[in-house]
Structure formats: structure tokens, C-alpha cells
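Fold and geometry: a report
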Amino acid sequence: MQIASMHFKERASIKLTDSQLNANMKKMKEKFVVKRAVLFAEMPQTVHLDFETLREEARVVRDRALRELDVWLEIFERNAKKRGATVLWAETPDDVNALVLEIAKKHAVKKIIKSKSMVSEESALDHAIEAAGMKVVETDLGEYILQINNYEPPSHIVAPAVHKSREEITELFARVHGTSEKITPEALTMEARAVLREHYLSSDMGISGGNFFVAETGSVALVTNEGNATLTTTMPKVHVAISGIEKIVPTLNDVATLLRLLPRSGTSQEITNYIDFMTGVKGKGEIDGAEHMYFILVDSGRTKVLESEMWEALRCIRCGACMNHCPVYHNVGGHSYGWVYPGPIGSILTPMYKGLDKALDLPFASTLCNQCGVVCPVKIPLPELQRKLREKQMEQGLRPWYERAGLIMWSYVVERPMLYGPMSRIGVRVMRWMGRKDGLIHKMPIGMDWTLGRDMPVPEGKTFRELYAAQKAGAR
Amino acid sequence: MSLLENNGAARTAIMGRVRAALKVSGERKEQHASAEEYLRRNQRGPQPTLEGDIVQRFVDWSVRQASTVERIATNADIPAAVARYCDSINVPRTVVTWPIYAHLDWASAGVMCESRPTQGQDKTGVTSVTAGIAETGTILITPSATEHTASVLLPDNHVAIVPAAQIVATMEDGYEIAKAQNGGQPPRAMHYISGPSRTADIAQTLVIGAHGPIRVHVIVVG
């Protein structure tokens, strides 16, 4: 996928005034925020477990894999091979596409069916498949909607079409399928079910992502609600599972721990409808299952993150809770972020995978309110990482001159109390004068944007230093 | 050059970068040994405590997943229960099943039952399960030569026969059963299925019935 993260500000300002998008995003709150909170609050009653205990264990599980990643990758590879699968490695997004095309050619594939894979979005795999003259069909309903809408980019990692209204989809289906306009989500879903059903039975290759790669058994774990990944990995004769090298988890038991958090965090469910562990090729006499199984383990920047201070971002299990709880994401939508992963986790991964200079605004697309950090099921300190990226930008001279100059001046002043005291005293008085009429400042000489949609209340009373000095004198 | 046939260089490069990032090198014998030890211990994370009768919990949570449930006494009651279910949802009493239930007296219950893999034309599939998971109201399906996944996934209606003795507490318990039936290794597929397929991809509205079955009916035996 072409990166457009450098246009965050322009895109975000357009999206802010998109009333249809704003209405669609508002609906997210009930399902993704309120219901999630209820589920975790109920957990001590329903299973006698609590969120904090579980997520600490989940953090330990993820860190165990990441801290000895080379060892677990080798164990995974060995066990996957034992079961007849082929394990392949891709250094770059282009490698992913090249491998898929070669596999398809080797097995004389004509049609490919696909369940959701965000990693394949990174390399725009569908375009590469079509350019090579094959047909590819996305089966996750959200991804399917985007595919038939001329490959519109996803705006959320779990609910890729969350930005679209029912009316838009009604119009789209009628136009593309050549059918009458269906009004209800039920009727639209049934129409997609019928259209996609025949593709499952007539495709010769299935591509899935991989929520987890299990080292103990050489399996891929897939988490879905629609049953599309189950069909995609069961019906065609070739199965290719693509995911990042960081998705390794040591044991099946470790996956079970993560699965007590992932659906609750992501879609507000105790468990998703389908959780599939696929291990190796089909057995003797079996009718279903792939005869050929390939794993593609993708780097594409993961090792760069692993060696950086940002390594904790690799714990991510892609639940989407951080974006679901982000006030910035809620207002500007996923497309503003300009690449595959939006929201707080995207603001870390995008600059790390694609280059700091390609996504300058993303680490700043946050109020550092830490809603994301509080709900993250694997304890990624997201605001802390955003702050580190801001520092890196400053260190590498990637911020504009006036920002750097301003900060140099500011640090000069605050490091000198003899200067800071009088200047803050004057500053407070000037601000009070500016808002002398109604106690509000309507326009600021610097940071004009800040007062575009709100007023700045004037500082009340004296500065802290004045009060401190006065009280100290009084106490004496 | 074929990246598929000559993938070793990519592997070496990635593993090299991983080790450089972790600031480690060499054969990593000690770390391999401790990883193997971790696998041998096979410990579980924090386990749920389920109150009350485990079978009742499974039934209650199956309903919570939007499955329907009936409890019967013995396998001999299966055909009549399937007939009742077909009538209740207004579909013909015509089903496809796995060989395990081929010998039941379907005719007396007025059910047309064929034991064969489905090609997708059948409306109702009747299958057994490897385990029932009480924690979440989930069934575990592990396909084999005589237990076809297609009969679970393709029909609109899936009837899952769950022997009460095969109901366990957790997903982890399910792994143990599946591994034990397959010489200690997980079978080719373990499908943990919780109710009918669903989606909320259109206008965030929950719709039951996406690509997998539209209805799941659980029959607990015993």
C-alpha cells in the first residue's frame, strides 16, 4: 500500500468536516467502548479472572517470544516442517508478493480466495496477483466491500469498512452485483454470502493471515467471526499463511491466555465464533484440508522495531482497542493516518516500518491521554512510545525550524529561575489583560489554531512561585 | 532468481537481523534448552473457575453464543431430536451426517439421513464433536478421514451432537483431548466454534449468518 501519512493534517481536516463519517464513527462507542468495559467488569463473576492479572500474563507471554525470537522462530520452523508445511521468509513487502506469485505458478493456480491479512495490505498483494493475471477474492465481508469498491483502503484493522454507512453499501452492492437494492444489513450479508460461496468451492489457493504462529506445534491460529478463514484454509488445495515474524507464540496454552483477552478487547466478545488452529497438510484419506501448506514469515521492518526503544510495539495482537478508545481516531477516522495501521498503534508502526520522515505528524496525532495504554491487553505503553518518537524526530532534525528554535528558547528560560520567575509573572499579567472583558482569550498571538474552536480561559490569581513565596513569608 | 527455491538467503538475513537486534550470537544452545524445557512444562496461564455444574454451564453459554440447545438421554434419541429441530426451523427433515451416526434408526423418526461428505448442497449437517468447552459455550471439531469439515461449515444449519462426558472446562482441556486422539500431536485442524457465524461489517449491525452456518443447534447427550 502506498503510504500517504505525510498528508495527515490535510486529510484529517477534511475528515473532521465529513458529517457522514462523524456519524458512522459515533456508533463505534457503544459497541467497542461501552460493551468492552462491561465484559471486563463481568469477568470476575463469569470466569473468576480479572483484566489486570490476565494482561500481565499476556505481556509475559509476548515478551518471552520477543526476547528469544530467533529461538522460537527456529522451533516453529522445525515443527511446521515436520507436519509437511513449507516455511518461507520474506525480507520486504515485495518479497511477500514474489513468493505468493511463485507458489501460485508452481501449483497452476487460477483463482485465489483470501481471508483477512493486514500484512498482505502492506504489500498490496491483491494488486500484484491481479497484475499477474489471476483472480483474487477477499472473503471477510468488510474487506470484500472495500475490494469491490475499487480497492478502497481499510480504515480499521478489525472492522475495515467501519467508515461506511449502510446506504453506501446498499448502493455499492446493487451496482456491482447487478441486483436490486437491499436495505437491511441482513439482506446485504446474505447477498454477499451467496456471491462468495461459489468462490470457496472453485478456488485452488487460499491465503490467510496469521493471528499467531505457534512454535510448539508449527500451527497458525486464526481468529474470525464469519467462518471465512475456516473455509479459506480448508477448501482449496493450497494454503498460504502470511504474517509477521513477531506473531510467534511459544505454546498453544499461551495462545489460550491471549484469547481470553483478544476478542473481549477487540470486538467485545468472550470468544469469536471461529478460532482455527491449522497444522500441516491433510492426512491420509482426508477429503478436506490443503495438500500444500506454506508459511510466509515477514520482516518488512519488524527487526528494525525489535532493535529500537520501540520494541514493545511488537507485542501487539491487533485487537484494535487502542484505536477504538482514541479521541483522535474517533474524530478523523482511519484513512487520515495514510497507511495500513491507523490509530495509536499505527502512529508507532507506520513511522518505524516506513521511515520517521514519511509520517512526521503521526506521533503527534495524540493528546497523550493514555486511554489506549489503559485498555491495551498486552500493556504496550503507547503514549510513551509516541513521546519517544517525537524525541527522535527532534534529535534527527526532522521538526520545523520554528519549533526547534522555540524549544531551545524555552529550555534556556526554564533552566534559569532568575529569568523564568519574572517572565512568567509578566506573561500571566499580559494574558489577564488580553482577557480583561470576559475572562476569556479569543485569539492568541501564537498557536492561533488552538483558539479556532474554543477560548482560552485567563490564568486566575498569582503564579505558583508568587504564592509559594508569599506563604513561606507568612509562615515565618 | 526464484525466491521460492532459494529462500535460504532471506532466512539468513532475517535471522541475522533478529540476533543483531537482540544482541546475541552463536548457536544459542542454552536458550534452546530452556525453550525446550518451557515446552515440556506446558504450563497454563491463569485458569478460569467455573461455578456449578459443568454441563449446565456449557448449555447456558451455548445459548449466550446464539446456539440453540436440547438435552437428550441416549444416542438412540438423536434422530427424533433432529426431526424436532428440523420442524422447529421449518426445513425438510433431510440431513447429511458423519459415518459415526449412520447406523442410527433415522427412518423411524422420519428423517432422510445420508452419511457422506457434503458438496455444499445440503441444508442441514449433523456431526459429532471432539469436545464441548464450558467456559465459552464452544464446540471443538477436529476433522479426520471420516469426519469432514465441509459438513460442519457449508450447510445453513449445523446440528452438533455433544456427549455430556466430553464436556470440559477450557480451551486448554480441549487441546489435551485432541492431542490424545492423535498420538500426542495436534490434528491437522482444531476448529473451536462458538455459535453460528456472524458479522458486523455492515453499519456495525450484528447479523447472524455470514459464511459459516446460519444456525447452530447443540444436542447434549447424557
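Not measured: the values here are computed from a predicted model. (Residues numbered from 1 in each chain as written. Chains lettered and ligands numbered in written order. Predicted model: local features only at pLDDT ≥ 70, side-chain atom pairs only at ≥ 80, totals over all residues. Heavy atoms only, no water.)

Quick look at the interface of chain A and chain B
Facing the 108 residues of chain A at the interface are 88 residues of chain B. Buried surface at the junction of chain A and chain B, both sides included, amounts to about 8,100 Å², of which 57% is carbon and sulfur. The interface formed by chain A and chain B holds 15 salt bridges in total. For the salt bridge of E135 of chain B with R260 of chain A, the shortest nitrogen-to-oxygen distance reads 2.8 Å. Inspection of the region where chain A meets chain B yields 53 residue pairs in polar contact (both at pLDDT 80 or more). Take the side of chain A that touches chain B: its biggest share by element is 10 residues, from helix α11 (residues 185–202) of chain A. (Contact = heavy atoms within 4.5 Å. Buried area = accessible area lost by both parts, 1.4 Å probe. Salt bridge = Lys/Arg side-chain N within 4 Å of Asp/Glu carboxyl O. Polar contact = N/O pair within 3.5 Å; in protein donor to acceptor, adjacent residues only side chain to side chain. Helix = DSSP H or I, 4+ residues; strand = E, 2+ residues; numbered from the N terminus.)

Let's talk about the sheet that holds strand β5 (residues 131–133) of chain B
Within a sheet, adjacent strands bond to each other through the backbone by hydrogen bonds, running parallel or antiparallel. Read from one edge to the other, the open sheet built from eight strands follows the order β8(A)-β5(A)-β6(A)-β9(A)-β9(B)-β6(B)-β5(B)-β8(B), with strand pairing classed as mixed. Since the sheet does not close on itself, it has two edges, and those belong to β8 (248–249) of chain A together with β8 (167–168) of chain B, each with one partner. Note that strand β6 (residues 138–141) of chain B and strand β9 (residues 189–193) of chain B share three bridges and pair antiparallel. Each bridged residue has a counterpart across the sheet, and for L140 of chain B the counterpart in β9 of chain B is Y192 of chain B. This element, helix α6 (residues 171–180) of chain B, spans β9 (274–278) of chain A together with β5, β6, β8 and β9 of chain B of the sheet and lies at about 145° to β9 of chain B. (Pairing = 2+ DSSP bridges. Axes fitted to C-alpha atoms, helices over the stretch in contact; angles between N-to-C directions.)

Remarks on the environment of T233 of chain A
Residue and element names in this part refer to chain A. Along the polypeptide, T233 turns up in helix α12 (residues 228–234). Overall, the relative accessible area of 2% leaves T233 in the buried class. C-alpha separation for the pair T233 and V71, spaced 162 residues apart in sequence, amounts to 27 Å. Here T233 is in contact with S208, L222, H239, M278 and A290, once residues within four sequence places are set aside. Among the polar contacts listed, one links the side chain of T233 to the backbone oxygen of T230, at a separation of 3.3 Å. (Buried < 20%, exposed > 50% of the residue type's maximum accessible area, 1.4 Å probe, protein only.)

Side note on the pattern of salt bridges
Any two side chains of opposite charge can pair, given that their charged atoms come close. Tallying each qualifying case throughout the model produces 45 salt bridges over all chains. With its nearest N and O atoms 2.6 Å apart, the salt bridge here joins E68 of chain A to R28 of chain B. With E68 of chain A in the loop between α4 (51–67) and α5 (69–82) and R28 of chain B in the loop between α1 (8–22) and α2 (29–41), this residue pair bridges two chains. Residue classification places E68 of chain A among the partly exposed positions, given a relative accessible area of 27%. The exposure class assigned to R28 of chain B is buried, which follows from its relative accessible area of 7%.

Regarding the side chain of E122 of chain A
All names here are of chain A. Considering the arrangement of structural elements, one finds E122 in helix α7 (residues 118–122). Polar contacts involving the side chain of E122 include one to the side chain of R302, which spans 2.9 Å. Sequence-distant contacts of E122, defined by excluding residues within four places in its chain, comprise M1, P93, S300, R302, W339, V340, Y341 and Y353.

Looking at the confidence of the model for chain B
With 100% of its residues at a pLDDT of 70 or more, chain B has an overall mean of 97. The ipTM, which scores confidence in the relative placement of chains, is 0.98 for this predicted complex, and the corresponding pTM is 0.94. (pLDDT = per-residue confidence, 0-100.)

Here's the deal with a nonpolar patch on the surface
All names here are of chain A. On the surface, L407, W410, V414 and Y420 cluster together into a nonpolar patch covering about 380 Å² of accessible area. A total of three residues in the nonpolar patch trace back to one element, the largest contributor, which is helix α21 (residues 401–414). Structurally, the position occupied by W410 is in helix α21. Accessibility expressed as a relative area gives 54% for W410, which makes it exposed. (Patch = residues over 30% accessible without salt bridge, like charges linked within 9 Å, V, L, I, M, F, W, Y side chains within 5 Å. Areas by Shrake-Rupley, 256 points an atom, 1.4 Å probe, with all protein chains shown as cover.)

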